[in-house]
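Residue-level structure breakdown
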Amino acid sequence: MANSNIVKKPLKRKWKAIGENPYLFGLIILVLISLFLFSIYPMYSILKTIFVGESGLDFKAVQEIFDKPRIYQTIWNSLKLGISSAIISTLIGFIFAYSVTRTHMFGKKFFNFIAVFPVVSPPFVLALAMILLFGSSGLISKEILGMQSTDVFGFNSLLVIQAMCFSPIAYLNLKGVLETMDASLEDSAFNLGASRWKVFYTITLPLAMPGVFSSLLLTFIKSLEDFGNPMIIGGDYSVLATEAYMTITGRNDLRTGALLAVSMLIPVLTAYLVQKYWVNKKSYTTVTGKTSQGSVIIKDKKVVVPLFITCLLITGTIVLFYGTIIVGAFVEIWGVNYALSLKHFQYVFDTGLGTIKDTVIIAVIATPIMVLLGMIISFLTVRISFPGKKLVEIGSILLFAVPGTVVGIGYLLSFNSPPLAITGTAAILVLVLVFRYMSLGIEAGTNALMQIDSSLEEASKSLNANGFTTFWKITFPLLRSALFSSAIYAFTRALTSISAVIFLVSASWNLMTVAILSAVDFGKLGVAAAYCVILFVIILIAFTGLNLLLKQNERSM
């Protein structure tokens, strides 16, 4: 009885504190309802499909799948690929972020551009480039090296492709962390005689650990749910995502496929909770409102030159792969006739102009919603203590952790009948993109908030400013960099997403990624490459515009 009272009193105080601010109370209720409808309910529909049969609870699908030895090898393959890909992607992202934020090396702006370039295309495009370059008829393997037979399929190729695909996630996350880090701490260490390595090991790296672990988490999740690359270049290396997708779409077994996909939640949620526990045990606050000096710029050639060579090698590899795709859009038939031609673009504009318009409209609507919602949720989970906070944390990352095909099917099952019959409309495409990719805004906002001393907000409140005024005039300006970084990624994900939307497109609303996959299926590689080039151009225009807007905002601060 006594323990019950101990539990109830803090809960009562939380409700009382929230109730005193009606705007905050309304915001929390709105977020909870939204997460329930568009994150939890679709997953409930999937679980209902798995575990409920015609006569009630039915675990037949679970028993059948775990009776097969192949499932254990598939789980191990997924974990092995996910961990390896997360480590390499984060390492690449950190090298680029550290080089861009801590040096004035030659080509710095170009490296910054290349570091985020892999995010501009559907991941399976890089897998196609790998085959075109190193396959049995590849440009490098056959035309240059003269190799008669090669095996480009399997774990090694998958690891290279995923490392390139997901390194922009780590880069954008870590760049924001390093940029907002107070450089006066590093300056103080140098003034006390610490070496470059000791400053990096004892100050820079520990302060960047929230970003490092967030990057590991995000890239690990992306690797687990990726099915485009494993489908094209995985060969016999089976992973859970492809096994689930093939079971659902190829074998028409929704129950088994959904169960395979849902099984990925166990390692993903475990990694998420470990990351939260580890980060929350430490303090990473560096933005305190006190006067600080400018950033530390490394001029030592022993550091700058190795960083430059590493960035140059990674950049060369990325340029080679994407250059292959671009060249493929302008040649008659890849591997047969390399004569220049614009026929693929003519075909796209004759038959797919409506698809291009639909894609841009959906992305423009979804991007600001997912970024703002992500920032609001990060603010609530970091700064506010309220009942249901854990539910918000789990609900906000749930759809990002679940494979896109399952999310798409979950939305199809949930919103195909009244009262929310929105299947086939633009609304369902916007909603699935918002609730699937808002976690990036949440992670970026959380990392930025954890480096902002709460005493700044407390000082505002002590001057009688209300919660909204404090957020708008104090917190929000300090989150601008993280907000724009997440906006860039959110927009590109909205343009390049496929697994979650492939079941939701209709004759009225089709998307470019679906058109690309369709072109690949029909062997029209030139048409697929032309779509990719158009996608690149749209994203680069948006990227340039957002960067200019960010710089303008920074000058006005």
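Every chain's residues receive numbers from 1 upward, in the order its sequence appears when written. In view of the model being predicted, local features appear only for residues whose pLDDT reaches at least 70, and side-chain atom pairs are presented and counted only at 80 or more, with totals across whole chains, interfaces and linings using the full set of residues. Hydrogens and water are ignored here; the side-chain numbers use all heavy atoms of the structure.

**Brief notes about the overall build of the protein**
Per the convention used, a helix needs a DSSP run of H or I reaching at least four residues, while a strand needs a run of E reaching at least two, with both numbered from the N terminus. Counting its secondary structure elements, the protein contains 25 helices and four strands. Considering only contacts in the protein between residues 6 or more positions apart, those separated by 24 or more positions represent 80%. In this analysis, two residues are considered to be in contact whenever any of their non-hydrogen atoms come within 4.5 Å of each other.

**Topic: a nonpolar patch on the surface**
On the surface, F25, I29 and I33 cluster together into a nonpolar patch covering about 230 Å² of accessible area. Counting through the fold element by element, I29 comes out in helix α2 (residues 22-51). Each patch groups residues whose relative accessible area exceeds 30% and which form no salt bridge, using 9 Å between like charges and 5 Å between nonpolar side chains of Val, Leu, Ile, Met, Phe, Trp and Tyr. For accessible areas, the Shrake-Rupley method is used with a probe of radius 1.4 Å. Any residue's cover is judged against the shown protein chains and nothing else. Salt bridge criterion: a side-chain nitrogen from Lys or Arg within 4 Å of a carboxyl oxygen from Asp or Glu.

**Some remarks on the pattern of salt bridges**
Oppositely charged side chains can pair when the atoms bearing their charge come close. Evaluated as defined, the whole model comprises two salt bridges. The partner of E179 in a salt bridge is K175, and the shortest N-O contact between them spans 3.1 Å. One end of the pair, E179, and the other, K175, are both in helix α8 (residues 155-180), four residues apart, so they sit about a helical turn from each other. Residue exposure (1.4 Å probe, protein chains only): buried if accessible area is under 20% of the type maximum, exposed if over 50%, otherwise partly exposed. Relative accessible area serves as the criterion here: at 18%, K175 is assigned to the buried category. Where E332 meets K343, a salt bridge forms, and the shortest distance between an N and an O atom there is 3.2 Å. Of this pair, E332 sits in strand β3 (residues 331-333) while K343 sits in helix α16 (residues 343-351), placing them 11 residues apart in sequence. By relative accessible area, which is 37% here, K343 ends up partly exposed.

**Overview of the pairing of strand β4 (residues 337-340)**
Strand pairing requires that DSSP identify at least two bridges connecting the strands. Here two bridges tie β3 to β4, and the two strands are oriented antiparallel to one another. By the bridge assignment for β4, I333 is matched with N337. Turn length for the β3-β4 hairpin, with the two strands adjacent in sequence and antiparallel, is three residues, and the turn residue G335 shows positive phi of about 90°.

**Description of the environment of K108**
Mapped onto the secondary structure, K108 falls in helix α5 (residues 108-116). A relative accessible area of 23% places K108 in the partly exposed class. Each C-alpha atom, one on K108 and one on F308, is 8.9 Å from the other, the two residues being 200 residues apart in sequence. Leaving out residues up to four positions away in the same chain, K108 has contacts with V100 and T103. Counted as a polar contact is a pair of N or O atoms within 3.5 Å, where, for protein atoms, one must be capable of donating a hydrogen and the other of accepting one, and residues adjacent in sequence contribute only when both atoms are in side chains. At a separation of 3.1 Å, a polar atom in the side chain of K108 contacts the main-chain carbonyl oxygen of T103.

**Section: the environment of K357**
By secondary structure assignment, the location of K357 is in helix α17 (residues 353-383). In sequence terms K357 and W509 are 152 residues apart; their C-alpha atoms lie 9.4 Å from each other.

**Here's the deal with the packing of aromatic side chains**
For Phe, Tyr and Trp, where Trp contributes only its six-membered ring, two rings pair if their centres lie within 6.5 Å, and the inter-plane angle classes them as stacked under 30 degrees, edge-to-face over 60, or tilted in between. Scanning the model with the defined rule gives 18 aromatic pairs in all. Relative to F435, the ring of F38 has its centre 5.2 Å away and its plane inclined at 40°; by these criteria the two rings are tilted. Placement of F38 in helix α2 and of F435 in helix α20 (residues 426-450) is noted, with a sequence separation of 397 residues between them. No difference in accessibility class separates F38 from F435, as the two residues are buried. Members of the aromatic cluster, joined through ring pairs, are F38, Y41, Y44, Y411, F415 and F435. Lysine and arginine charges are scored as sitting over a ring when NZ or CZ, respectively, is within 6 Å of the ring centre and within 35 degrees of the ring normal. Seen from the ring of F155, K80 lies directly overhead, with NZ or CZ sitting 4.5 Å from the centre.

**Notes on the packing of helix α6 (residues 124-134) against α8**
The relative placement of two packed helices is expressed as an angle between their axes plus a distance between the axes. Orientation is described by lines fitted to C-alpha atoms, with helices fitted over the stretch in contact, and by angles between N-to-C directions that extend from 0 to 180 degrees. Put simply, α6 and α8 touch, their axes get as near as 10 Å, and they point 135° apart. Between α6 and α8, the interaxial angle falls into the category oblique. Along this stretch, α6 crosses α8, giving a crossing that reads as right-handed. Counting all contacts with α6, which are made through L126, A127 and M130, the residues of α8 involved are S157, V160, I161, M164 and C165. Split by residue class, the contact of α6 with α8 holds seven nonpolar, one polar and no charged. Convention used here: angles under 35 degrees read as roughly parallel, angles over 145 as roughly antiparallel, angles from 65 to 115 as roughly perpendicular, and any remaining angle as oblique. Crossing handedness: left-handed means the near helix sits turned counterclockwise from the far one by under a right angle, and right-handed means the same turn made clockwise. Any residue that is not Ala, Val, Leu, Ile, Met, Phe, Trp, Tyr, Cys, Pro, Asp, Glu, Lys or Arg is counted as polar, Gly included; the first ten are nonpolar and the last four charged.

**Things to note about the confidence of the model for the protein**
Per-residue confidence from the predictor is reported as pLDDT, a score between 0 and 100. Within the protein, residue pLDDT values average 79, and 87% of them lie at 70 or more. For the protein, the element scoring lowest by mean pLDDT is helix α1 (residues 2-19), at 56; α16 scores highest, at 92. The low-confidence segment residues 1-7 (pLDDT under 50) makes zero contacts with residues lying over four places distant or belonging to another chain.

**Comments concerning the environment of P387**
As for its placement among the helices and strands, P387 is situated in the loop between α17 and α18 (389-401). Look at P387 and you get buried, because its relative accessible area is 14%.

**Notes on the nonpolar core**
Ranked by internal contacts, the top residues of the largest apolar core, which has 174 residues, are M370, Y411, L433 and F435. Once residues within four sequence positions are removed from consideration, F435 is found in contact with S34, L35, F38, S39, L373, L399 and Y411. By nonpolar core we mean a set of buried residues, namely Ala, Val, Leu, Ile, Met, Phe, Trp, Tyr and Cys, connected to one another through side-chain atoms within 4.5 Å.

**Some details on helix α23 (residues 480-496)**
Any helix carries an expected span of 1.5 Å times its number of residues minus one. Taking 1.5 Å of rise per residue, 17 residues should cover 24 Å, and α23 covers 24 Å from first to last C-alpha, within 8% of that figure. Along α23, 16 of the 17 residues are buried, which leaves the element largely enclosed by surrounding structure.

**Some words on the packing of α20 against α23**
Across the interface, α20 lies against α23 with an axial gap of 9 Å and an inter-helix angle of 160°. It follows that α20 is roughly antiparallel to α23 by the angle criterion. When you trace α20 past α23, the crossing you get is right-handed. On the side of α20, the interface is formed by L433, Y437, L440, G441, A444 and A448, while α23 contributes A482, S486, Y489, R493 and A494. Looking at the contact of α20 with α23 residue by residue, the class counts come to eight nonpolar, two polar and one charged.

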